[in-house]
Structure formats: structure tokens, C-alpha cells
Amino acid sequence: MTDVAGRRRFLYEGQEWLAWSAGAGAYGTGAYGLAPVEAVHFARATQPAAPVREALLARGRFQCLHDSELIGLLESATPIVEPDGRQS
């Protein structure tokens, strides 16, 4: 399910999670040019303002992902590190 803020809700290991596009950019070098990517943030639904993991995804794919694909992306996502060095 997607809410008005564009956040996706899904269940993972019995907990409700939120995922949303947190920004976009381009990455790469060489003759083929840059690849468009977007950052996806993940937070527990009980703490929606505190994302704990982040993953990169090809731009434009996020809204089309099935819940099982969101779970796979969450499992491979990198922990978000706070400015003081703590992991969220």
C-alpha cells in the first residue's frame, strides 16, 4: 500500500515497515554515460521519521516493486549511519 507521502507499507518478519524514495541522482563513468539511481529509505512504521536502512535502485523502479521485492531490497540495504557515528 502507498500513502499520500509516497511511502510504501509492507510486512517483514511480523513488523510493518515503510519504504520511500529519498532522492535521485546519477552514477558511473565511461563511454556509456551515467546510470540514473534513486535512494530508498526504510523505517519501521512505529518510527516513520527515523529511517534505519538505505538502498540504491535504478530510478523509476521503486513504485513498481512487489512487496517481496521490497523485502529483498530491505535485506540487502545498508544501515544508515548518524553524523555522530551511531547506526540507526
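Scroll up to find the structure this text is about.
Residues numbered from 1 in each chain as written. Predicted model: local features only at pLDDT ≥ 70, side-chain atom pairs only at ≥ 80, totals over all residues. Heavy atoms only, no water.

Description of the side chain of His 41
Short version of the rule: Working definition: helices are DSSP H or I runs of at least four residues, strands are E runs of at least two. Numbering for both runs from the N terminus. Whether two residues are in contact is decided by their heavy atoms, any of which lying within 4.5 Å being enough.
If you trace the backbone, His 41 turns up in strand 3 (residues 35-44). Residues contacting His 41, with those up to four places away along its chain left out, are Leu 18, Ala 19, Trp 20, Ala 22, Pro 51, Arg 53, Glu 54 and Ile 80.

Here's the deal with the sheet that holds strand 5 (residues 78-79)
Applicable threshold: We call two strands paired when DSSP finds no fewer than two bridges between them. Every angle, taken between N-to-C directions, lies between 0 and 180 degrees, and every axis is a line fitted to C-alpha atoms, over only the stretch in contact when it is a helix.
One open sheet holds the five strands; their spatial order is 1-2-3-4-5, and the pairing between them is antiparallel. Taken across any chain shown, the strands that pair with only one partner, and hence form the sheet edges, are strand 1 (8-12) and strand 5. The pairing of strand 1 with strand 2 (residues 15-27) spans five bridges and is classified as antiparallel. Residue Arg 8 lies in a different strand from strand 2, and its bridge partner there is Ala 19. Strand contacts of helix 1 (residues 67-76): strand 1, strand 2, strand 3, strand 4 (53-58) and strand 5, with the helix running at about 75° to strand 1, the strand carrying the most contacts.

Topic: the nonpolar core
To keep things clear, this is the line we draw: Throughout this description, the term nonpolar core refers to a set of buried Ala, Val, Leu, Ile, Met, Phe, Trp, Tyr and Cys residues connected via side-chain atoms within 4.5 Å. Accessibility here uses a 1.4 Å probe with only protein chains present; expressed as a share of the type maximum, an area under 20% marks a residue as buried, one over 50% as exposed, and anything in between as partly exposed.
Counting 15 residues, the largest nonpolar core has Phe 10 and Phe 42 as its most contacted members. Elements supplying a minimum of two residues to this core: strand 1, strand 2, strand 3, strand 4 and helix 1. Of the residues forming this core, the biggest block, three residues, is contributed by helix 1.

Points about the pairing of strand 3
Both strand 2 and strand 3 contribute to a ladder of ten bridges, which runs antiparallel. Looking across to strand 3, one finds that Ser 21 is bridged to Val 40. Two elements, strand 3 and strand 4, share six bridges in a ladder whose sense is antiparallel. Following the sheet pairing, Phe 42 is matched in strand 4 by Arg 53.

A look at the pairing of strand 1
A one-sided burial pattern is seen for strand 1, the buried positions being Arg 8, Phe 10 and Tyr 12 and the unburied ones Arg 9 and Leu 11. Linking strand 1 to strand 2, which pair antiparallel, is a turn of two residues; within it Glu 13 sits at a positive phi near 50°.

Considerations on the packing of aromatic side chains
Heads up, the rule is: Centre distance within 6.5 Å is the pairing criterion for rings of Phe, Tyr and Trp, where only the six-membered ring of Trp is used; planes under 30 degrees apart are then read as stacked, over 60 as edge-to-face, and the remainder as tilted.
By the definition in use, this model includes two aromatic pairs. Pairing Phe 10 with Phe 42 gives two aromatic rings, centres 6.2 Å apart and planes at 85°, and the pair type is edge-to-face. Within this pair, whereas Phe 10 is found in strand 1, its partner Phe 42 is found in strand 3, the two being separated by 32 residues in sequence. Comparing Phe 10 with Phe 42 shows no difference in burial state: the two are buried. Centroid distance Tyr 12 to Trp 17: 6.5 Å. Interplanar angle 70°. Geometry classified as edge-to-face. Residue classification places Trp 17 among the buried positions, given a relative accessible area of 6%.

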